[in-house]
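Each chain is listed here by its residues.
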Amino acid sequence: KRKPDWLRAKVPGGEGYKKTKSNIATNRLHTVCEEAACPNLGECWARGVATIMILGDTCTRACGFCNVKTGKPPVTDWDEPERVAESLRGLGLRYVVITSVDRDDLPDGGAGIWAETIRRVKDACPDMKLEVLVGDFKGNQGDIDTVIDAGADVVAHNLETVRRCHPAVRPSARYERTMEVLRRIKERGAVAKTGIMVGIGERDDEVIELFDDLVAMTSDHTGPRDPRDPSRGDPCDIITIGQYLQPTRNHLPIDRWVHPDRFAQFETMGKAAGIKVVFSGPLVRSSYLADKQFDGLTLPGDA
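**Notes on the packing of aromatic side chains**
Here is step 1 of the chain: Enumeration over the complete set of coordinates arrives at two aromatic pairs.
Here is step 2 of the chain: Measuring from ring centre to ring centre gives 5.9 Å for Tyr95 and Phe294, while their planes differ by 55°; the resulting arrangement is tilted. A residue pair is termed long-range when its members are at least 10 positions apart, and Tyr95 in strand E3 (residues 95–100) and Phe294 in helix H11 (residues 290–295) qualify at 199 residues.
Here is step 3 of the chain: Note on Phe263 and Phe266: the rings are 6.4 Å apart at their centroids and 90° apart in plane angle, and the pair reads as edge-to-face. Here Phe263 and its partner Phe266 are both found in helix H10 (residues 260–273), three residues apart, which amounts to about one turn of the helix. Each member of the pair, Phe263 together with Phe266, is buried.

Structure follows, in structure tokens:
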């Protein structure tokens, strides 16, 4: 389907873009910006911001929306945590996002490499905020805790879509399991973030239902309770909402173009449901302007 005018992205170019591209190539880093064909690549790289992807560039899952290649990953690079940390050292960046492919082939799903990467990056760049976008580790609580407890400033795990669309969009994941990962992030005291796409087959009422589920299912930090219980904890802190763009004809088709006015309504509704930061717009992606999303939070100890 032909893209509407509001989906035009900035063409890559400029000195900032070239510098970021050179740094990525020199340090042999993978980025989700390239692998997922993100429409914001030009804008973000020009700002000196990129989303680094660890654990290789081959995913063991085959989600219906994702452009990252799937298959059997090559030999795992155990030196990757040190190389990522050294590439970020001395760059003076304020905020960095790291994500990864799913590695269901590894006994711990890659949790050990994740934790080592987080610790090394925090040691190398103590003044930089670090956000990590992780998988579900097949629901293994120990592996999830290993990553959360490594000390990233934000731990994100994306829902991607509404409950009904999960079997088609995320065949190897489950709606409730993702909610449990987000609940666990909050329970361990970290900032929790998630993201969804629209225009992939969902209805507007299902997006609103997702907001309510997110607040109810992630705010219970002590086990099953009545959702109306006022003693429940804080829910998931941040959600991003963006337009789904079909990477190739082999991926799920675009169901509709969502107008910017509807994205503004989603933002209002999400905040009304109790989510602190709702970042909603046609070109919004989980890592897009992630520093500004974080700045929208009021954290313990803030004025």
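**Looking at unusual backbone geometry**
Here is step 1 of the chain: Notably, Phe137 is not glycine yet its phi reads approximately 50°, a positive angle.
Here is step 2 of the chain: Considering the arrangement of structural elements, one finds Phe137 in the loop between strand E4 (129–133) and helix H6 (141–148).
Here is step 3 of the chain: One non-glycine residue, Leu289, lies in the positive phi region at around 55°.
Here is step 4 of the chain: With respect to the element layout, Leu289 can be found in the loop between strand E8 (277–280) and H11.
Here is step 5 of the chain: The exposure class assigned to Leu289 is buried, which follows from its relative accessible area of 13%.

**A short note on the pairing of E3**
Here is step 1 of the chain: Judged by how many residues are buried, E3 sits mostly within the fold: six of six residues are covered.
Here is step 2 of the chain: A two-sided burial pattern is seen for E3, the buried positions comprising Tyr95, Val97 and Thr99 on one face and Val96, Ile98 and Ser100 on the other.
Here is step 3 of the chain: Of the pairings in the sheet, the one linking strand E2 (residues 51–54) to E3 comprises four bridges and is parallel in character. Its bridge partner being in E3, Ile54 is matched across the sheet by Ser100.
Here is step 4 of the chain: Sheet analysis places E3 next to E4, joined by five bridges and oriented parallel. Across the sheet, Val96 pairs through a bridge with Leu130, a residue of E4.
Here is step 5 of the chain: After leaving E3, the chain enters helix H5 (residues 111–124) and then returns to the sheet as E4, a path that is right-handed.

**A word on the side chain of Arg177**
Here is step 1 of the chain: Within the secondary structure layout, Arg177 lies in helix H8 (residues 175–187).
Here is step 2 of the chain: Residue classification places Arg177 among the buried positions, given a relative accessible area of 13%.
Here is step 3 of the chain: Excluding its chain neighbours within four sequence positions, the residues that come into contact with Arg177 are Arg61, Asp136, Lys138, Gly139 and Ser172.

**Some remarks on the packing of helix H4 (residues 80–88) against H5**
Here is step 1 of the chain: Put simply, H4 and H5 touch, their axes get as near as 8 Å, and they point 25° apart. Judged by the inter-axis angle, H4 sits roughly parallel to H5. Relative to H5, the crossing made by H4 is right-handed. Between H4 and H5, the residues in contact are Glu80, Pro81, Glu82, Val84, Ala85 and Leu88 and Ile113, Glu116, Thr117, Arg120, Val121 and Ala124, respectively.
Here is step 2 of the chain: Looking at the contact of H4 with H5, its residues break down into seven nonpolar, one polar and four charged.

**A closer look at the pattern of salt bridges**
Here is step 1 of the chain: Across all of its chains, the model carries 31 salt bridges by this definition.
Here is step 2 of the chain: A salt bridge links Asp153 to Lys129; the nearest nitrogen and oxygen atoms lie 3.9 Å apart. You can see Asp153 sitting in the loop between H6 and strand E5 (154–156) and its partner Lys129 sitting in strand E4, a full 24 residues away along the chain.
Here is step 3 of the chain: Residue Asp237 pairs with Lys276 through a salt bridge whose shortest N-O separation is 2.9 Å. On the criterion of sequence distance, the pair formed by Asp237 in the loop between helix H9 (204–218) and strand E7 (238–243) and Lys276 in the loop between H10 and E8 is long-range, its members being 39 residues apart.
Here is step 4 of the chain: Assessed through its relative accessible area of 33%, Lys276 is described here as partly exposed.
Here is step 5 of the chain: Connected via shared salt-bridge partners are Asp145, Asp149, Glu180, Arg183, Arg184, Glu187 and Arg188.

Basis of the calculations
- Residues numbered from 1 in each chain as written.
- Predicted model: local features only at pLDDT ≥ 70, side-chain atom pairs only at ≥ 80, totals over all residues.
- Heavy atoms only, no water.
- Phe/Tyr/Trp six-rings, centres within 6.5 Å; stacked < 30°, edge-to-face > 60°.
- Helix = DSSP H or I, 4+ residues; strand = E, 2+ residues; numbered from the N terminus.
- Buried < 20%, exposed > 50% of the residue type's maximum accessible area, 1.4 Å probe, protein only.
- Pairing = 2+ DSSP bridges.
- Right-handed = clockwise from strand over helix to strand, strands pointing away.
- Contact = heavy atoms within 4.5 Å.
- Axes fitted to C-alpha atoms, helices over the stretch in contact; angles between N-to-C directions.
- Parallel < 35°, antiparallel > 145°, perpendicular 65-115°, else oblique.
- Left-handed = near helix turned anticlockwise from the far one by under 90°.
- Nonpolar A, V, L, I, M, F, W, Y, C, P; charged D, E, K, R; others polar.
- Salt bridge = Lys/Arg side-chain N within 4 Å of Asp/Glu carboxyl O.

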